[in-house]
Amino acid sequence: MSASTTTRPARPATGRTGRSRPHYGTHLFLTVMAVMWMVPLGWALFTALRPKADTDKYGYFSLGGAFNFDNFATAWTQGGFPRYFMNSLIITIPTIILVLLCSSMMAFAVSRVSWKFNVTLLIMFTAGNLLPPQVLATPLFEMFKLIQLPYWFSDSGSLLNTYLSVIIANTAFQIGFCTFVLSNYMKALSADLTEAALVDGAGIWRQYVSIIMPLCRPAIAALATLELIFIYNDYFWPLLFIQSGDRLPVTTAINNLQGTFLSNYNLLAAGATITVIPTLVVYLVLQRHFVAGLTLGSSKG
């Protein structure tokens, strides 16, 4: 008589290591932060859609009255947004290109090339972010005033009152941050890539252009989105260096919507909402690359 044995399936582990703990605190914190960020934007859009007469009649904290896009049409024409958008385009796009180009080359030099000044240069570029721009406002203004330029290029005969002055200032102050981010990104790439390219006869420029930069596409996209927001919303440098009102960026167009003795806050809300649209469109277009750049290394142990 033979004894039969039966094998029972193993039960799943029920200990603490087999369960995922609910993160109620994290979810609550993220929910609160999301609400704090969305409420002002939603309130601005709500105010922009209401005529001022209905707001004066029913109050800002009410739902009565009509809702239309008249404030947006008035703000677009009265604020001169087409001209100011073009000014912001002239300032923002060249600045982003220069910042990403210079910072990527510097990050490649301090992260992928072995020489004794790697850490020193990286510290210097990073330390530049700790210096407030207001500290250098007067020295930069005097320096730009003393730089002589032909009158066909600048009607002031100097760097003042030109787009180039704002581009130079923004580029100088943004390179440090981008260099720090890109250098950490490039350090995470395998060294075997550049070593194999070096064996195949690829020089430094070939490694930078054909190997490293294509792999840095998520980081470049994330930085391009952040730099667009920083430079597009910059109000300090254009106001300091540009004296002609027709050359100011779109962030100053809202001043044209303010009255001398009375402010139409519905019109101001519409103007502020219009200025947000370009950055929102760029973020939606680059959202996939932006998220990929932010989550780099999150799964590495």
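In this text the structure is predicted, and so the values were computed from the model without any measurement. (Residues numbered from 1 in each chain as written. Predicted model: local features only at pLDDT ≥ 70, side-chain atom pairs only at ≥ 80, totals over all residues. Heavy atoms only, no water.)

1. Overview of the overall build of the chain
Then, in step 1: Looking only at helices and strands, the chain has 13 helices and 0 strands in total.
Then, in step 2: For the chain, the α and β elements follow one another from N to C terminus as α-α-α-α-α-α-α-α-α-α-α-α-α.
Then, in step 3: Here the chain holds 301 residues, and 35% of them are scored as buried.
Then, in step 4: Here the contacts in the chain between residues at least 6 apart in sequence split such that 71% fall between residues at least 24 apart.
Then, in step 5: Accessible surface, the chain: about 18,900 Å² in total, of which carbon and sulfur atoms supply 68%. (Helix = DSSP H or I, 4+ residues; strand = E, 2+ residues; numbered from the N terminus. Buried < 20%, exposed > 50% of the residue type's maximum accessible area, 1.4 Å probe, protein only. Contact = heavy atoms within 4.5 Å. Areas by Shrake-Rupley, 256 points an atom, 1.4 Å probe, with all protein chains shown as cover.)

2. Here we look at the UniProt feature "transmembrane region" (unreviewed entry) in the chain
Then, in step 1: Within this numbering scheme, the UniProt entry marks residues 24–46, 89–109, 121–141, 161–182, 215–232 and 265–286 as carrying the feature "transmembrane region" (unreviewed entry).
Then, in step 2: Helix makes up 100% of residues 24–46 and strand 0%, and the two end C-alpha atoms of the span are 31 Å apart. (UniProt positions renumbered as here; feature names shortened; annotations may be inferred.)

3. Side note on helix α8 (residues 191–199)
Then, in step 1: The opening residue of α8 is Ser190, an N-cap whose side-chain oxygen sits 3.2 Å from the backbone nitrogen of Asp192.
Then, in step 2: Following α8 by one or two positions, Gly201 has its phi on the positive side, about 95°. (Polar contact = N/O pair within 3.5 Å; in protein donor to acceptor, adjacent residues only side chain to side chain.)

4. Details of the packing of helix α5 (residues 118–127) against helix α7 (residues 163–187)
Then, in step 1: Orientation of α5 relative to α7, taken along the N-to-C sense of each, is 140°, at an axis distance of 7 Å. The angle between α5 and α7 places the two elements in the oblique class. When you trace α5 past α7, the crossing you get is left-handed. Along the contact surface, α5 presents Leu122, Phe125 and Thr126, while α7 presents Ile175, Gly176, Thr179, Phe180, Ser183 and Lys187.
Then, in step 2: Grouping the amino acids of the contact of α5 with α7 by side-chain chemistry returns 4 nonpolar, 4 polar and 1 charged. (Axes fitted to C-alpha atoms, helices over the stretch in contact; angles between N-to-C directions. Parallel < 35°, antiparallel > 145°, perpendicular 65-115°, else oblique. Left-handed = near helix turned anticlockwise from the far one by under 90°. Nonpolar A, V, L, I, M, F, W, Y, C, P; charged D, E, K, R; others polar.)

5. Digging into the environment of Thr55
Then, in step 1: Mapped onto the secondary structure, Thr55 falls in helix α2 (residues 52–58).
Then, in step 2: Exposure remark for Thr55: the relative accessible area of 3% places this residue in the buried category.
Then, in step 3: Distance in space between the C-alpha atoms of Thr55 and Ala66 is 9.6 Å, their sequence separation being 11 residues.
Then, in step 4: Apart from the residues lying within four places of it in its own chain, the contact partners of Thr55 are Arg50, Tyr60 and Asn266.

6. Digging into α7
Then, in step 1: Between its first and last C-alpha atoms α7 spans 35 Å; for 25 residues at 1.5 Å apiece the expected length is 36 Å, and the two agree.
Then, in step 2: At Gln174, α7 is deflected by roughly 35°, the largest bend along its length. (Expected span 1.5 Å × (residues − 1). Bend = angle between axes of the 7 residues up to and from the residue.)

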